[in-house]
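Structure assessment
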There are 2 protein chains.
Amino acid sequence: MSYSALEQHFEQLHHLQHLGAICGWDQATMMPAGGNEARAEALGTLAVLCHQQLQDERLAGWFNDAGNEVLSLQQQQSLKEMQRVWRDATLLPADLVRARSLAGSRCEHAWRSLRKNNDWHGFLPLFEEVVALSRHAASARADALGLSRYDSLLEQYEPGMRTHTLDALFDDINQWLPGLIGQVQEKQGHEPFLQPQGPFATDRQKALGLEIMTQLGFDFNRGRLDVSAHPFCGGVSDDVRLTTRYDENDAAQALMGIIHETGHARYEQGLPVTWRKWPVGQARSMGVHESQSLFFEMQLARHPAFLTQLSPLLNQYLGEQPAFAPENLARLYTRVKPGFIRVDADEVTYPAHIMLRYQIERDLIDGNMEPRHLPERWDQLMQHYLGLSTKDNYKNGCLQDIHWTDGSFGYFPSYTLGAIYAAQLAEAMQQQLGPFEKLLTGDLTAVFDWLQHHVWQHASLLSTDALLTQASGQALTVRPFRHHLEQRYLS
Amino acid sequence: MSYSALEQHFEQLHHLQHLGAICGWDQATMMPAGGNEARAEALGTLAVLCHQQLQDERLAGWFNDAGNEVLSLQQQQSLKEMQRVWRDATLLPADLVRARSLAGSRCEHAWRSLRKNNDWHGFLPLFEEVVALSRHAASARADALGLSRYDSLLEQYEPGMRTHTLDALFDDINQWLPGLIGQVQEKQGHEPFLQPQGPFATDRQKALGLEIMTQLGFDFNRGRLDVSAHPFCGGVSDDVRLTTRYDENDAAQALMGIIHETGHARYEQGLPVTWRKWPVGQARSMGVHESQSLFFEMQLARHPAFLTQLSPLLNQYLGEQPAFAPENLARLYTRVKPGFIRVDADEVTYPAHIMLRYQIERDLIDGNMEPRHLPERWDQLMQHYLGLSTKDNYKNGCLQDIHWTDGSFGYFPSYTLGAIYAAQLAEAMQQQLGPFEKLLTGDLTAVFDWLQHHVWQHASLLSTDALLTQASGQALTVRPFRHHLEQRYLS
């Protein structure tokens with residue numbers, strides 16, 4: 001049966017990806033510096049093998065035949081997702097793939113030092129090459145998929161999402177967000193708060209993190225917590241490797257980071273056991289993945305009811321201090337302050353950083369803007385959204401992110417889509433189970449069971465639209481997100 | 001050029017093995033229990049890929065053509081070693097490989113509980129199947145290689161070693177070892193010593209281990225120390241992963257274990273950078289590998305001059321006590337006591353355990369003995385060598401080792417060959433650099449430089465015979481080993 005041949009073939013791919021995930025995690029957490037060259041080579045060979053696995057000439061025939069076999073609904077969806085992965089891996093000509101990979105590596109590598117030196121002019125020619133090749137790739141993808149150029153890139157990270165939907169969401173947000181930011185800042189200007197006084201020893205922070213992960217239902221029989229320079233949630237569903245980093249002067253960084261990654265981790269651990277070897281058993285999209293981390297970090301962990309529970313733990317693990325009082329934590333963890341750097345942004349200003357990037361990358365890919373105009377456009381949009389100028393400040397402006405350096409256009413919207421999905425899920429959960437004021441008091445099992453039932457177990461068996469609709473009774477809407485922000489930050 | 005095609009092909013194999021080594025290390029040190037099934041599957045797929053890499057139909061032609069290409073001497077040796085690996089992987093028919101692998105897994109898996117229950121009769125039928133298939137394999141190997149059956153197995157672990165050489169070595173040892181064991185016991189009966197008093201906290205033992213590894217020249221930029229149930233030296237040459245286990249009541253176990261594994265590790269770290277991607281750049285044999293760990297653990301670390309240096313470190317890291325005086329350490333670390341268990345045996349009785357196994361496995365493979373007679377033969381040989389009876393005591397007798405359960409016949413001699421090589425190298429080193437009494441005082445650089453020059457850098461560029469001859473000026477001889485034992489234990 002062609003369908004079983006496909007299952008076997010993709011299971012093998014999954015095993016290769018497993019080895020890559022663990023060796024990648026090791027590289028970031030355990031590997032001594034001197035091992036890097038050999039590791040990079042080994043992972044390079046693995047990447048080639050994974051690629052070859054998807055170039056196998058038998059695949060086209062199997063897909064063709066499997067379409068005529070009698071399959072269950074879930075198998076049909078599994079077939080569709082395998083086909084999506086295969087199509088994504090095969091629709092670009094090999095020399096374009098190679099050229100993009102080379103240009104991307106070159107630009108990303110140079111960016112690491114160019115950013116430090118605020119060197120936009122050194123960056124520009126490398127970036128122009130990346131953009132040119134990304135436009136080619138987008139055209140080829142667009143032709144093959146029957147989509148617009150930018151949509152064809154978006155499709156890689158957020159299957160089913162389209163520019164017209166994004167435009168509608170972001171237009172909506174654009175109408176009220178700048179005003180909201182102003183109002184919140186005005187309000188918070190009158191609200192004094194205490195800054196916790198460190199230092200907080202790393203081993204105490206780690207103990208606290210493990211305690212919180214336990215309370216958040218992380219399964220330590222199928223995962224672990226370690227340290228890396230850039231926190232991530234890696235490994236495989238059966239063995240989730242979560243990382244953080246500790247700052248002795250700022251315990252909130254590791255704490256909130258761990259809670260965020262635990263959201264990603266529980267999604268992974270909650271994926272359906274029967275399907276997790278295949279694409280259909282993996283996370284629905286980058287946005288849905290981010291919705292889970294943001295649900296944990298923003299919806300749940302910064303809610304006053306959760307902070308009331310967190311307060312005694314902070315006193316217990318980090319030493320008692322007035323700053324750990326619940327009311328103070330609530331103010332501390334919901335401070336809003338427009339800033340240059342996306343990754344440091346708070347919940348309210350974050351969408352502004354994303355909309356700015358979305359507008360720029362869409363125009364870059366569609367050919368409506370040239371790379372050389374990037375700094376000017378960035379400055380102009382930063383002024384519009386956050387009232388900040390990045391003129392001549394490239395390192396804290398258009399050079400701050402890694403994404404575009406290797407041509408990952410179409411990824412940024414996932415962050416804010418995640419926030420919107422999370423708010424929609426949180427609203428639905430409260431309508432069905434009762435308000436967070438009660439739900440986040442004590443045992444959180446009901447919360448996680450709801451997510452397991454409505455999100456995690458569906459993996460990619462449902463489209464994102466269907467996932468949201470079955471969970472919330474309505475299609476994607478930005479209203480709960482706006483409501484959440486107004487509720488939390490203005491009331 | 002066919003030679004470069006081969007190099008590229010075997011480099012790819014090396015990369016796959018790298019991924020396997022790291023994921024195997026992770027499995028033993030880091031992986032939570034729940035991750036095991038997925039990991040086993042992923043590693044299984046990798047094993048198949050490595051196997052396929054060596055079944056590639058182009059290889060025969062490449063080897064054929066490369067023989068006619070102009071190659072440097074080192075390239076010729078590299079070609080020879082690639083061919084050896086390829087031949088080993090291809091000379092058995094696929095169904096015999098599969099049958100052996102199945103029978104071996106089954107027997108090894110059952111052995112884990114059967115041994116605990118002292119259940120010889122449950123073990124026997126499984127073992128008979130393993131022996132039968134190993135005989136088939138040995139016959140096929142023997143035909144293809146023009147060797148005797150047992151030699152064809154030996155060749156996998158100890159290239160170039162033959163039964164007639166082993167018989168000569170072991171006959172020699174057999175003539176004096178039982179007498180020596182008696183004399184040493186007699187002598188040590190009159191030598192009182194102090195047992196160190198624990199407990200010794202794990203973190204102190206680890207700090208001591210790291211200090212010793214540093215003194216022994218372990219490169220922490222290309223390796224690390226962790227904990228696993230069964231200590232090993234894994235990873236790759238550029239990133240050596242060494243493990244140990246800690247017993248709070250017995251600090252010597254981890255300490256001597258770490259020193260032993262550091263010997264393996266320095267060999268790996270000292271392999272020639274230019275060649276380490278290919279078979280010719282890898283360890284010469286199991287025996288040569290073991291010679292390095294035993295050089296570190298036995299020749300070096302139990303030498304009075306080294307113990308004089310170790311003594312203050314023990315006091316510093318584990319707390320001062322009279323048992324850590326150099327003279328007491330010398331007695332403590334050279335106690336000889338015949339026992340049932342090979343892995344717990346001291347330097348003097350260890351060869352007896354090996355000779356016993358050698359005699360049995362050679363007869364099993366050559367068909368001169370049947371599996372059902374194993375316990376009787378074991379008991380008889382234990383009585384001969386060590387004066388101990390294992391009658392009805394299977395778990396501490398013929399069921400104690402894992403090696404035979406999956407058909408690894410021909411491996412055991414490597415342990416004692418390692419001890420013999422180590423003694424021969426130690427004697428040569430002292431002839432060239434001066435006696436250990438002076439050489440092991442203070443900085444050990446000269447010792448390691450000598451090993452780098454005479455052993456490590458040669459990897460598999462030389463045969464074991466040539467390696468020993470260039471290092472010591474003479475072919476393999478058991479004399480230095482006997483001299484070492486008499487010197488250390490009787491003088």
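Being a predicted model, the structure only gives us computed values, none of them experimental.

A few words now on the overall build of chain A. Within chain A, the regular secondary structure consists of 20 helices and 3 strands. Against the 2.2 N^0.38 benchmark of 23 Å for 491 residues, chain A shows a C-alpha radius of gyration of 23 Å, consistent with a compact globule. Its C-alpha atoms give chain A principal-axis dimensions of about 65 × 50 × 50 Å. The burial tally for chain A puts 57% of its 491 residues in the buried class. Here the analysis covers contacts within chain A between residues at least 6 apart in sequence; of these, 72% occur between residues at least 24 apart. Put simply, chain A shows about 20000 Å² of open surface, and 50% of that area lies on carbon and sulfur atoms. Within chain A, one finds 41 positive and 58 negative side-chain charges whose respective centroids are separated by 1 Å.

A complete count under the given rule lists 6 cavities of 30 Å³ or more for this structure. Size it by volume and the largest cavity reaches roughly 70 Å³. For the largest cavity, the full set of lining residues is B:Trp111, B:Phe123, B:Phe127, B:Leu374, B:Trp378, B:Cys398, B:Leu399, B:Asp401, B:Trp404, B:Thr405 and B:Phe412. Taken together, the elements giving at least two residues each to the lining of the largest cavity come down to helix H6 (120-145) and helix H15 (374-386) of chain B. Residue composition of the lining of the largest cavity, grouped by class: 9 nonpolar, 1 polar and 1 charged. Shared between two domains, the lining of the largest cavity holds at least three residues of each, these being domain 1 (2-129) and domain 2 (130-491) of chain B. What the second largest cavity holds in volume is close to 60 Å³. As for the second largest cavity, its lining consists of A:Trp111, A:Phe123, A:Trp378, A:Cys398, A:Leu399, A:Asp401, A:Trp404, A:Thr405 and A:Phe412. When grouped by side-chain class, the residues that make up the lining of the second largest cavity number 7 nonpolar, 1 polar and 1 charged.

Here chain B sits on chain A after a turn of 180° about the axis and a move of 0.0 Å along it, with an RMSD of 0.0 Å. Expressed as an axis order, the relation between the two copies is that of a two-fold axis. Most of the interface of chain B is mirrored in chain A: 100% of its interface residues are interface residues there too.

What follows deals with helix H14 (residues 350-366) of chain A. Residues and elements named next belong to chain A. With 17 residues, H14 extends 25 Å between its outermost C-alpha atoms, agreeing within 8% with the 24 Å of an ideal straight helix rising 1.5 Å per residue. Counted residue by residue, H14 has 15 buried out of 17 residues, so it is predominantly covered. Positive phi appears at Gly367, one or two residues downstream of H14, with a value of about 85°.

Residues and elements named next belong to chain A. Under the UniProt annotation, the feature "binding site: Zn(2+)" (unreviewed entry) is placed at His260, His264 and Glu290. Of the residues just listed, which span 31 residues, no C-alpha pair is farther apart than 8.9 Å, and they cluster in one region. Ignoring sequence-local partners within four residues, the contact set of His260 consists of Glu290, Ser293, Leu294 and Glu297. Examined against the element boundaries, Glu290 turns out to sit in helix H11 (residues 286-300). Excluding residues that lie within four positions of it along the chain, Glu290 makes contacts with His260, His264, Ser414, Tyr415 and Gly418.

Moving on to the domain arrangement of chain A. Residues and elements named next belong to chain A. Under the domain assignment used here, chain A contains domain 1 (2-129) and domain 2 (130-491). A separation of 24 Å is found between the C-alpha centroids of domain 1 and domain 2. On the domain 2 side, the residues contacting the 46 residues of domain 1 number 55 residues. Together, the buried faces of domain 1 and domain 2 total about 4300 Å²; carbon and sulfur atoms form 65% of this surface. For the domain 1 face of the interface with domain 2, the top three residues by lost area are Trp25, Trp120 and Phe127, together amounting to 17%.

Below, the discussion takes up the interface of chain B and chain A. By a widespread convention, an interface's size corresponds to the accessible area lost as its parts come together. Counting from both sides, the interface comprises 33 residues of chain B and, opposite them, 33 residues of chain A. Across the chain B to chain A interface the summed buried area is about 2700 Å²; carbon plus sulfur atoms make up 63%. Along the contact surface separating chain B from chain A lie 6 salt bridges. As a salt-bridge pair, B:Arg241 and A:Asp26 come within 2.8 Å of each other at their nearest N and O atoms. On the surface where chain B and chain A come into contact, there are 14 residue pairs in polar contact (both at pLDDT 80 or more). Elements with a contribution of two residues or more to the side of chain B that touches chain A: helix H1 (2-29), helix H2 (36-55), strand E1 (223-227) and strand E3 (239-244) of chain B. The element best represented in the side of chain B that touches chain A is H1(B), accounting for 10 residues.

Moving on, we get to the UniProt feature "active site" (unreviewed entry) in chain A. All names here are of chain A. Those places that UniProt annotates as "active site" (unreviewed entry) correspond, in this numbering, to Glu261. Residue classification places Glu261 among the buried positions, given a relative accessible area of 9%. If we skip the residues at most four places from it in the chain, Glu261 touches Pro231, Phe232, Cys233, Leu242 and Thr243.

Reading guide: rules and limits
Residues numbered from 1 in each chain as written. Chains lettered and ligands numbered in written order. Predicted model: local features only at pLDDT ≥ 70, side-chain atom pairs only at ≥ 80, totals over all residues. Heavy atoms only, no water. Helix = DSSP H or I, 4+ residues; strand = E, 2+ residues; numbered from the N terminus. Rg over C-alpha atoms; globule rule 2.2 N^0.38 Å. Buried < 20%, exposed > 50% of the residue type's maximum accessible area, 1.4 Å probe, protein only. Contact = heavy atoms within 4.5 Å. Areas by Shrake-Rupley, 256 points an atom, 1.4 Å probe, with all protein chains shown as cover. Lys, Arg positive; Asp, Glu negative; His and termini not counted. Charge placed at Lys NZ, Arg CZ, Asp CG, Glu CD. 1 Å grid on protein atoms, 1.4 Å probe; cavity = no way out; pocket = protein on both sides within 12 Å on 5 of 7 lines; lining within 4 Å. Points joined across faces, edges and corners; volume = space filled by probe spheres on them. Nonpolar A, V, L, I, M, F, W, Y, C, P; charged D, E, K, R; others polar. Domains from an automatic or database assignment. Least-squares fit on C-alpha atoms with pLDDT ≥ 70 in both. Expected span 1.5 Å × (residues − 1). UniProt positions renumbered as here; feature names shortened; annotations may be inferred. Buried area = accessible area lost by both parts, 1.4 Å probe. Salt bridge = Lys/Arg side-chain N within 4 Å of Asp/Glu carboxyl O. Polar contact = N/O pair within 3.5 Å; in protein donor to acceptor, adjacent residues only side chain to side chain.

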